[in-house]
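In case you want the letters, here they are:
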Amino acid sequence: MRRIIDNPVDVLMTSDLRVFSLCRIEGMAKISRVSWEDDSNLGDIGSYGNKKGQMIWPVQMILDSDENLIISDEALNRITVLSTQGDYINSWGQHGHLEGELDRPSGIALDPDNNLYVVDTMNHRIQKFTTEGEFLINWGRFGTHSGEFNMPWGIAVDEIGDVYVSDWRNDRVQKFSSNGKFIFSIGSSGTGKGEFRRPSGLAVDKHGDIYVADSENDRIQLFNQDGQYIEQFTGDASLSISGRAYLLANAKPLRLREMADIEPQRRLRGGPKSVRVDNQFRMFIPDYGSYRIQVYQKDAIPLSQSDIIETPRSPTLSVT
C-alpha cells in the first residue's frame, strides 16, 4: 500500500501498539504511522530537508527510554531525536574523520546502559556516544581481517551488552564485546545458506538468536547464538486489512490481482534493509519493494542443557 507505507527501510512498534515505518526514496523521507490493527492511518511525521527535524537520507530508527525516535541520517551526518508526534527534540553530529565525527552514519543501537552505538560507515568504525552526543569510545578500521570493516551498516546489542555489526562490503557479521574486542564472525560472500550479499540491518532476540537482513539476496537469515545457520525467510505475505479494503473498493486492481500469479507477490522484493524483533518475539521486516511490513511470530521452546543429550560425534536421525 504505497499510499500508506512508501519504500520502508526500517520499522518499530511503540508500547501503545503504533507501528512506525521509516520510508525513503530519492527526494522523499518520512515516517509513516499506522495502528497495529492496520485499520487506522495515523498520518506521517518528519519531512524532507536539512533543517531541524527534517531528513534527507535516513537509515535507521530506534526508540529511546522515553519512547522518542532516534534517527540516523547518512546525508546530513547527524542523529536526530523526534517525539512520536513529530516534535523536534534534539540533533547532533558533525561530518569528519576525527573522534566523535561522522561520515555517513547508518545503524544505531542502545546498550543496556542507555549509551548509543553508531555505525560510522565511511570511516569504517563503530562509535559510542551518550544519547546527547558526547563521544565515549570507538573501534575499527578499513580492512578484511577480524575487527576490521568495509562500509559497515547495521548494528544490534544483546542483553549483556555484546555488539553485532553487519560488515556490508565484507559480506559478514562480526560480534564484539562492549569495548570492541572481537569475538567471532558469521558468513562469507554468496547466495547459499549462511552466505551474504550485502547484509544490512540485524537484530538479536532474548534467546540470543541473530537475525540478518541479507539485502541483495532478498531474505532474512536466522542464526543461533553461536553463529550456526538455522533458517531463512524469503517472504510469505498475505493481504493486509487496509490492502483488502482497497482491493474490494476498486474494481480494476481487483481484476488485475485475479489475473496475476500470486506466488511472487508474497516474497520480499527490493532488498530488505532492516529486521526488528520485539519482546514478544515478533519479527518485523520492512519489505522495501512492496511498500509493506511483513510480520512473523517466533515459535520456540526454550531448553536447558539437561533437556537434550550432548552433541554426538556421528549424528544420525531415524524415525520408526
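Going by the structure above, here's the rest.
Keep in mind the model is a prediction, meaning the values are calculated, not measured.

1. Some details on unusual backbone geometry
Excluding glycine, a negative phi dihedral is what most residues carry, and trans is how most peptide bonds are arranged.
Line of reasoning, step 1. A positive phi is found at R104, a non-glycine position, where the angle reads about 60 degrees.
Line of reasoning, step 2. Take R104: it is sitting in the loop between β10 (88–92) and β11 (105–110).
Line of reasoning, step 3. Positive phi values are uncommon outside glycine, yet D218 reaches one of about 50 degrees.
Line of reasoning, step 4. Along the polypeptide, D218 turns up in the loop between β20 (210–214) and β21 (219–223).

2. Quick word on the pairing of β11
Line of reasoning, step 1. Taking burial as the measure, the six residues of β11 include five buried ones, the bulk of the element.
Line of reasoning, step 2. Linking β11 back to strand β12 (residues 116–120) in an antiparallel pair, the connection comprises five residues, with N114 at a positive phi of about 70 degrees.

3. Remarks on the packing of aromatic side chains
Line of reasoning, step 1. Applying the stated criterion to the full structure yields eleven aromatic pairs.
Line of reasoning, step 2. Seen from their ring centres, W92 and F129 are 4.8 Å apart, and the 50 degrees between their planes marks the pair as tilted. Placement of the pair is W92 in strand β10 and F129 in strand β13 (residues 125–129), with a sequence separation of 37 residues.
Line of reasoning, step 3. Owing to a relative accessible area of 1%, F129 belongs among the buried residues under this scheme.
Line of reasoning, step 4. A centroid spacing of 5.8 Å and a plane angle of 55 degrees characterise the contact between F196 and F223, whose relative ring orientation is tilted. Here the residue F196 occupies a position in the loop between β18 (182–186) and β19 (199–204), and F223 occupies one in strand β21, the gap between them amounting to 27 residues. Each member of the pair, F196 together with F223, is buried.
Line of reasoning, step 5. Pairwise contacts between aromatic rings join Y117, W139, F149, F176 and F182 into one cluster.
Line of reasoning, step 6. Positioned over the ring face of W168 is R198, at 5.0 Å from the centre of the ring.
Line of reasoning, step 7. When the ring centre of Y288 is taken as reference, the NZ or CZ atom of K273 above it lies at 4.0 Å.

4. Looking at the sheet that holds β20
Hydrogen bonds between backbone atoms are what pair the strands of a sheet, whose relative direction is either parallel or antiparallel.
Line of reasoning, step 1. An order of β19-β20-β21-β22 is seen for the four strands of this open sheet, with the pairing classed as antiparallel. Two strands close off the open sheet at either side, each with one partner strand: β19 and β22 (229–233). This sheet shows a mean twist of 20 degrees between the axes of neighbouring strands, independent of strand direction.
Line of reasoning, step 2. As paired strands, β20 and β21 are joined by five bridges and run antiparallel to one another. Across the sheet, residue D214 finds its bridge partner in β21, namely R219.

5. Some words on the nonpolar core
Line of reasoning, step 1. Ranked by internal contacts, the top residues of the largest apolar core, which has 14 residues, are F20, L22, I31, M61, L69 and I71.
Line of reasoning, step 2. Those elements giving two or more residues to this core turn out to be β1 (8–13), β2 (18–25), β3 (28–35), β7 (58–63) and β8 (69–73).
Line of reasoning, step 3. Once residues lying within four places of it in the same chain are set aside, the contact partners of I71 are L22, I31, M55, P58, Q60, M61, R78, I79, T80, L82 and I108.
Line of reasoning, step 4. Among the nonpolar cores identified, the runner-up in size contains twelve residues, and Y211, F233, V277 and M283 belong to it.

6. Things to note about a nonpolar patch on the surface
Line of reasoning, step 1. Together, L17, W36 and V295 make up a nonpolar patch on the protein surface, roughly 230 Å² of accessible area in all.
Line of reasoning, step 2. Looking at where L17 falls in the secondary structure, it is placed in the loop between β1 and β2.

7. What to know about the pattern of salt bridges
Line of reasoning, step 1. By the definition in use, this model includes 20 salt bridges.
Line of reasoning, step 2. D209 is the salt-bridge partner of K298, the closest N and O atoms lying 2.7 Å from each other. Taken together, the residues span a long stretch of sequence, with K298 in the segment after β25 (292–297) and D209 in the loop between β19 and β20 at a distance of 89 residues. Here K298 and D209 have matching classes, each one buried.

8. Side note on the pairing of strand β4 (residues 41–45)
Line of reasoning, step 1. Where β3 meets β4, four bridges bridge the pair, whose relative direction is antiparallel. By the bridge assignment, R33 is partnered in β4 with G43.
Line of reasoning, step 2. The turn linking β3 back onto β4 is made up of five residues, and D38 within it adopts a positive phi angle of 60 degrees.

Analysis parameters
- Residues numbered from 1 in each chain as written.
- Predicted model: local features only at pLDDT ≥ 70, side-chain atom pairs only at ≥ 80, totals over all residues.
- Heavy atoms only, no water.
- Helix = DSSP H or I, 4+ residues; strand = E, 2+ residues; numbered from the N terminus.
- Buried < 20%, exposed > 50% of the residue type's maximum accessible area, 1.4 Å probe, protein only.
- Pairing = 2+ DSSP bridges.
- Phe/Tyr/Trp six-rings, centres within 6.5 Å; stacked < 30°, edge-to-face > 60°.
- Lys NZ or Arg CZ within 6 Å of the ring centre and 35° of its normal.
- Axes fitted to C-alpha atoms, helices over the stretch in contact; angles between N-to-C directions.
- Core = buried A, V, L, I, M, F, W, Y, C linked by side-chain atoms within 4.5 Å.
- Contact = heavy atoms within 4.5 Å.
- Patch = residues over 30% accessible without salt bridge, like charges linked within 9 Å, V, L, I, M, F, W, Y side chains within 5 Å.
- Areas by Shrake-Rupley, 256 points an atom, 1.4 Å probe, with all protein chains shown as cover.
- Salt bridge = Lys/Arg side-chain N within 4 Å of Asp/Glu carboxyl O.

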